[in-house]
Amino acid sequence: EAGVAQSPRYKIIEKRQSVAFWCNPISGHATLYWYQQILGQGPKLLIQFQNNGVVDDSQLPKDRFSAERLKGVDSTLKIQPAKLEDSAVYLCASSPSGGFLDTQYFGPGTRLTVL
Amino acid sequence: QKEVEQNSGPLSVPEGAIASLNCTYSDRGSQSFFWYRQYSGKSPELIMFIYSNGDKEDGRFTAQLNKASQYVSLLIRDSQPSDSATYLCAVTGNQFYFGTGTSLTVIP
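Quick caveat, the model's predicted, so the values are computed rather than measured.

### Some points on a nonpolar patch on the surface
A contiguous nonpolar surface patch, about 240 Å² in accessible area, is contributed by A:F100, A:L101 and B:Y51. By secondary structure assignment, the location of A:L101 is in the loop between β9 (88-95) and β10 (105-106).

Here you go:
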């Protein structure tokens with residue numbers, strides 16, 4: 001079974017530029033999560049999708065971050081414009097149903113550096 | 001107060017010893033509790049989860065949950081150098097929260 005795929009793996013941009021990350025979850029998984037992990041910290045949930053609907057985006061900085069999951073499969077997370085403090089690893093995870101006992105499976109992450 | 005707090009470490013134990021990792025959470029409505037392991041530069045991977053008070057054992061790992069004290073722990077018996085990693089506690093309630101992690105080093 002293929003795991004969660006993410007691209008790109010690394011991205012370096014200058015502040016005020018835009019960037020987009022892509023995630024393809026495990027086949028059949030209804031729930032998709034985007035996390036931000038700053039060095040030395042735990043992952044912070046940015047947005048959770050159930051199929052193509054948003055379940056939780058309370059910690060997503062909506063003035064600059066946006067995410068979509070068209071057709072309920074793969075997803076894109078965008079930052080526009082980027083700030084220095086956005087430098088982090090962006091992790092995508094998926095789980096079968098989003099229930100409280102669901103196991104989340106993580107992709108390899110995208111390491112973003114904002115200069 | 002953070003939603004999930006962990007002993008920050010770093011924690012060092014000799015090979016073969018028991019490593020004890022602790023986590024407290026603030027939301028009394030939290031339903032399930034997860035322990036993830038994260039090697040440096042890698043993504044988190046699930047070790048085990050627990051949702052009922054008491055102990056749950058899986059191989060060398062034991063998770064302990066005390067909802068009255070809002071406390072969950074992970075014990076690693078017979079620690080191995082390959083267990084050296086950051087251990088993340090995660091809690092599901094109204095939202096899903098990770099702690100900041102505890103760095104564990106097992107010394108050969």
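### Observations regarding the pairing of strand β6 (residues 53-56) of chain A
Residues and elements named next belong to chain A. Sheet topology note: the strand β5 (residues 44-50)/β6 ladder contains three bridges and is antiparallel. What sits directly across from Q50, in β6, is G53. Counted along the chain from β5 to the antiparallel partner β6, the turn is two residues long, and its residue N51 has a positive phi close to 55°.

### Describing the packing of aromatic side chains
If you walk through the whole model with that rule in mind, you get 14 aromatic pairs over all chains. Between A:Y35 and A:F106, the aromatic rings sit 5.5 Å apart at their centres with planes inclined by 40°, giving tilted as the arrangement. Placement of the pair is A:Y35 in strand β4 (residues 31-37) and A:F106 in strand β10, with a sequence separation of 71 residues. The exposure classification of A:Y35 matches that of A:F106, with both residues buried. An angle of 75° between the planes, with centres 5.3 Å apart, marks the rings of B:F96 and B:F98 as edge-to-face. On the basis of relative accessibility, which here comes to 8%, the residue B:F96 falls in the buried class. The structure contains a cluster of three or more aromatic residues connected by ring pairs, namely A:Y33, A:Y35, A:F106, B:F34, B:Y36, B:F49, B:Y51, B:F96 and B:F98. We note B:K56 situated over the ring of B:F49; from NZ or CZ to the ring centre the distance is 3.9 Å.

### Thoughts on the interface of chain B and chain A
On the side of chain A, 21 residues touch chain B, which itself brings 19 residues to the contact. Counting across the chain B and chain A interface gives three residue pairs in polar contact (both at pLDDT 80 or more). Taken together, the elements giving at least two residues each to the side of chain B that touches chain A come down to β4 (32-38), β5 (45-50), β9 (85-92) and β10 (96-98) of chain B. Looking at which element gives the most residues to the side of chain B that touches chain A, the answer is β4(B), with four residues.

### A short note on the state of the cysteines
Counted under the stated rule, the structure contains two disulfides over all chains. Paired through a disulfide, A:C23 and A:C92 show a sulfur-sulfur distance of 1.9 Å. Given an S-S torsion of about -70°, the disulfide between A:C23 and A:C92 has left-handed geometry. Note that A:C23 is positioned in strand β3 (residues 19-24) and A:C92 in strand β9, a separation of 69 residues in sequence. In terms of burial, A:C23 and A:C92 fall into one category: buried. Put simply, B:C23 and B:C89 are joined by a disulfide, and their sulfur atoms are 2.1 Å apart. Around the S-S axis, the bridge from B:C23 to B:C89 shows a dihedral of about -70° and counts as left-handed. Here the residue B:C23 occupies a position in strand β3 (residues 19-25), and B:C89 occupies one in strand β9, the gap between them amounting to 66 residues.

### Let's talk about the layout of surface pockets
Remark: the empty space left among the atoms is shown by a probe the size of a water molecule rolled over them. Taken as a whole, the largest pocket spans an internal volume of roughly 660 Å³. Listing elements by their share of the lining of the largest pocket, those giving two or more residues are β9 and β11 (110-114) of chain A together with β9 and β11 (102-107) of chain B. Counting residues per element, the lining of the largest pocket draws most heavily on β11(A), which supplies four residues. Its residues assigned to classes, the lining of the largest pocket comprises 11 nonpolar, 16 polar and three charged. Within this model, the second largest pocket holds a volume of roughly 300 Å³. Elements represented by at least two residues in the lining of the second largest pocket include exactly β5 of chain A together with β10 of chain B.

### Overview of the sheet that holds strand β8 (residues 75-79) of chain A
All names here are of chain A. As summarised here, the arrangement of the four strands in space is β1-β3-β8-β7, forming an open sheet in which the pairing is antiparallel. For this open sheet the edge positions go to β1 (5-7) and β7 (65-68), each flanked by a neighbour on one side alone. The sheet shows a mean angle of 15° between the axes of neighbouring strands, taken without regard to direction. With five bridges joining them, β3 and β8 adopt antiparallel strand pairing. Within the sheet, the bridge partner assigned to F21 lies in β8 and is L77.

Thresholds applied
- Residues numbered from 1 in each chain as written.
- Chains lettered and ligands numbered in written order.
- Predicted model: local features only at pLDDT ≥ 70, side-chain atom pairs only at ≥ 80, totals over all residues.
- Heavy atoms only, no water.
- Patch = residues over 30% accessible without salt bridge, like charges linked within 9 Å, V, L, I, M, F, W, Y side chains within 5 Å.
- Areas by Shrake-Rupley, 256 points an atom, 1.4 Å probe, with all protein chains shown as cover.
- Salt bridge = Lys/Arg side-chain N within 4 Å of Asp/Glu carboxyl O.
- Helix = DSSP H or I, 4+ residues; strand = E, 2+ residues; numbered from the N terminus.
- Pairing = 2+ DSSP bridges.
- Phe/Tyr/Trp six-rings, centres within 6.5 Å; stacked < 30°, edge-to-face > 60°.
- Buried < 20%, exposed > 50% of the residue type's maximum accessible area, 1.4 Å probe, protein only.
- Lys NZ or Arg CZ within 6 Å of the ring centre and 35° of its normal.
- Contact = heavy atoms within 4.5 Å.
- Polar contact = N/O pair within 3.5 Å; in protein donor to acceptor, adjacent residues only side chain to side chain.
- Disulfide = S-S within 2.5 Å.
- 1 Å grid on protein atoms, 1.4 Å probe; cavity = no way out; pocket = protein on both sides within 12 Å on 5 of 7 lines; lining within 4 Å.
- Points joined across faces, edges and corners; volume = space filled by probe spheres on them.
- Nonpolar A, V, L, I, M, F, W, Y, C, P; charged D, E, K, R; others polar.
- Axes fitted to C-alpha atoms, helices over the stretch in contact; angles between N-to-C directions.

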